[in-house]
Amino acid sequence: QQKVQQSPESLSVPEGGMASLNCTSSDRNFQYFWWYRQHSGEGPKALMSIFSDGDKKEGRFTAHLNKASLHVSLHIRDSQPSDSALYFCAASHTGYQNFYFGKGTSLTVIP
Amino acid sequence: GPKVLQIPSHQIIDMGQMVTLNCDPVSNHLYFYWYKQILGQQMEFLVNFYNGKVMEKSKLFKDQFSVERPDGSYFTLKIQPTALEDSAVYFCASSRDRNYAEQFFGPGTRLTVL
């Protein structure tokens, strides 16, 4: 069973709009979450981490974590065409351990 | 920013042959990882490596797999012999620290086993 599930599989938003990506896990031992972004032909690159319940904001990106519901989300404000990419949620049991990845959400920002 | 390089970008080999995938991690990083991604599936952890040793491996890390980083050169994943189910994209990653650390990923090596 896949431990990290992402939704939606794909998403299109207009330039300047808000994109919302979701991630849920089936393992209550996951404590640490990361959002990664992958542009075509490149490796995944970390956007931000979130380890505590609540919101974490970095520029146009806001992550939200609710450990009780095993749900983490990523919201991209004022989306830009350069935000078009594949977004992965990654979870780990401890700060050290290997990541469990979701299948990704493909985001397209339409100019 | 820091970059992880992977060589080659594509590799096609016949089943049963040996293949070595090379990774040039970020220069001051100490922890190294391999992940496997089959087409249409999520990336899955294979192994992590620190101070010359495998620290943790998943069930996907079969006996035919081995990793090493001789004398601070490339971090390598060797598969010997290869099987059809080894066809995938293999991502290398490195991190500076053990705890809570961002993993930096390379662009992947696409391996096709015929």
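Residues numbered from 1 in each chain as written. Chains lettered and ligands numbered in written order. Predicted model: local features only at pLDDT ≥ 70, side-chain atom pairs only at ≥ 80, totals over all residues. Heavy atoms only, no water.

1. Examining the sheet that holds strand β7 (residues 65-68) of chain B
All names here are of chain B. Spatially, the four strands line up as an open sheet ordered β1-β3-β8-β7, and their pairing is antiparallel. Looking at strand neighbours, the two that pair on one side only are β1 (5-7) and β7, the edges of this open sheet. Taking the axes of each pair of neighbouring strands and ignoring which way they run, one obtains an average angle of 15° across the sheet. Across four bridges, β7 lies against strand β8 (residues 75-79) in antiparallel orientation. (Pairing = 2+ DSSP bridges. Helix = DSSP H or I, 4+ residues; strand = E, 2+ residues; numbered from the N terminus. Axes fitted to C-alpha atoms, helices over the stretch in contact; angles between N-to-C directions.)

2. Notes on the pairing of strand β11 (residues 109-113) of chain B
Each regular strand carries side chains that alternate between the two faces of the sheet. All names here are of chain B. The side-chain alternation of β11 yields one buried face, formed by Thr109, Leu111 and Val113, and one unburied face, formed by Arg110 and Thr112. Relative to β11, strand β9 (residues 88-95) runs antiparallel, the two sharing three bridges. Bridge pairing in β11 places valine 89 opposite arginine 110. (Buried < 20%, exposed > 50% of the residue type's maximum accessible area, 1.4 Å probe, protein only.)

3. A closer look at the interface of chain B and chain A
Between chain B and chain A, the residue contacts involve 21 residues of the former and 20 residues of the latter. Here chain B meets chain A over a buried area of about 1800 Å², counting both sides, of which 57% is carbon and sulfur. The largest contributions to the chain B side of the interface with chain A come from Gln42, Met43 and Tyr100 of chain B, which together make up 30% of the buried area. At the boundary of chain B with chain A, the tally comes to zero salt bridges. Scanning the region where chain B abuts chain A turns up two residue pairs in polar contact (both at pLDDT 80 or more). Contributing elements (two or more residues each) for the side of chain B that touches chain A: β4 (31-37), β5 (44-50) and β6 (53-57) of chain B. In terms of residue count, β4 of chain B provides more of the side of chain B that touches chain A than any other element does, three residues in total. Here the residues of the side of chain B that touches chain A are counted per class, giving 10 nonpolar, eight polar and three charged. (Contact = heavy atoms within 4.5 Å. Buried area = accessible area lost by both parts, 1.4 Å probe. Salt bridge = Lys/Arg side-chain N within 4 Å of Asp/Glu carboxyl O. Polar contact = N/O pair within 3.5 Å; in protein donor to acceptor, adjacent residues only side chain to side chain. Nonpolar A, V, L, I, M, F, W, Y, C, P; charged D, E, K, R; others polar.)

4. Describing the state of the cysteines
Put plainly, two cysteines are in a disulfide when a covalent bond ties their sulfur atoms together. For the coordinates displayed, the defined rule picks out two disulfides over all chains. Across the disulfide, cysteine 23 of chain A is cross-linked to cysteine 89 of chain A (sulfur-sulfur distance 2.1 Å). Because the torsion about its S-S bond is -70°, the bridge between cysteine 23 of chain A and cysteine 89 of chain A counts as left-handed. Here cysteine 89 of chain A lies in strand β9 (residues 85-92) and cysteine 23 of chain A lies in strand β3 (residues 19-25), a separation of 66 residues in the sequence. Side by side, cysteine 23 of chain A and cysteine 89 of chain A carry an identical accessibility label, which is buried. One disulfide bridge connects cysteine 23 of chain B with cysteine 92 of chain B, the sulfur atoms lying 1.8 Å from each other. (Disulfide = S-S within 2.5 Å.)

5. Digging into the pattern of salt bridges
Pairing of side chains with opposite charge becomes possible as their charged atoms draw close. Residues and elements named next belong to chain A. As enumerated under the stated definition, the model contains six salt bridges over all chains in all. A salt bridge links arginine 37 to aspartate 83; the nearest nitrogen and oxygen atoms lie 3.0 Å apart. Of this pair, arginine 37 sits in strand β4 (residues 32-38) while aspartate 83 sits in the loop between β8 (71-76) and β9; the two residues are 46 residues apart in sequence, bridging distant segments of the chain. The class of aspartate 83 is buried, set by a relative accessible area of 1%.

6. Re the environment of methionine 43 of chain B
Within the secondary structure, methionine 43 of chain B sits in the loop between β4 and β5. Those residues in contact with methionine 43 of chain B, other than ones at most four positions away along the chain, are Pro44 and Phe101 of chain A together with Tyr35, Lys36, Gln37, Phe91 and Phe105 of chain B.

7. Here's the deal with the environment of leucine 39 of chain B
Residue placement: leucine 39 of chain B occurs in the loop between β4 and β5. Look at leucine 39 of chain B and you get exposed, because its relative accessible area is 77%.

8. Quick look at the confidence of the model for chain A
Low-pLDDT stretches of the model should not have their predicted coordinates read in fine detail. Per-residue pLDDT for chain A averages 93, and the proportion of residues at 70 or more is 96%. Averaged pLDDT values for the elements of chain A fall to 92 in strand β10 (residues 100-101) of chain A and rise to 98 in strand β2 (residues 10-14) of chain A. (pLDDT = per-residue confidence, 0-100.)

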